[in-house]
Amino acid sequence: MTSADHAFDSYRVSGSPEDLARVFDVCAPQLLLLANHVAGDGGVAEDLVQMTFLRAIEIAHTFESGRPVQPW
């Protein structure tokens, strides 16, 4: 498991913004690269990354502990 996986597991239990920030710091750069490729617009790509994290927060309870967070 990566540091992001551990941090997301911890976030799910604690609700700690610091844990979620660690997930963001690890995952956001790669997600932004993908979003830029798909959207072709930097502003839209940033919005997509933000929406991705908002959705992850909303459905965090469905995440299976022990699985990698980034592909989820």
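Everything that follows concerns the structure shown earlier in this document.
For the structure given in this document, a descriptive report is provided here. Keep in mind it's a predicted model, so treat the numbers as computed, not measured.

1. Things to note about helix α1 (residues 3-14)
Taking 1.5 Å per residue as the helical rise, α1 with its 12 residues ought to reach 16 Å, and the 16 Å between its terminal C-alpha atoms agrees with that figure. Three or more residues of α1 are buried, namely A4, D5, A7, F8, D9 and Y11. Tucked inside the fold, the buried residues of α1 contact α2 (17-39) and α3 (42-58). Positioned one or two residues after α1, G15 has a phi angle of 70 degrees, which is positive.

2. Quick notes on the layout of surface pockets
Size it by volume and the largest pocket reaches roughly 190 Å³. Around the largest pocket, the lining residues are F8, V23, C27, L31, T52, F53, R55, A56, I59, V69, Q70 and W72. For the lining of the largest pocket, the elements supplying multiple residues, two or more each, are α2 and α3. With 4 residues, α3 is the largest single contributor of residues to the lining of the largest pocket. When its residues are assigned to classes, the lining of the largest pocket shows 9 nonpolar, 2 polar and 1 charged.

About the thresholds
- Residues numbered from 1 in each chain as written.
- Predicted model: local features only at pLDDT ≥ 70, side-chain atom pairs only at ≥ 80, totals over all residues.
- Heavy atoms only, no water.
- Helix = DSSP H or I, 4+ residues; strand = E, 2+ residues; numbered from the N terminus.
- Expected span 1.5 Å × (residues − 1).
- Buried < 20%, exposed > 50% of the residue type's maximum accessible area, 1.4 Å probe, protein only.
- Contact = heavy atoms within 4.5 Å.
- 1 Å grid on protein atoms, 1.4 Å probe; cavity = no way out; pocket = protein on both sides within 12 Å on 5 of 7 lines; lining within 4 Å.
- Points joined across faces, edges and corners; volume = space filled by probe spheres on them.
- Nonpolar A, V, L, I, M, F, W, Y, C, P; charged D, E, K, R; others polar.

The values reported here are purely geometric and, on their own, carry no functional implication.
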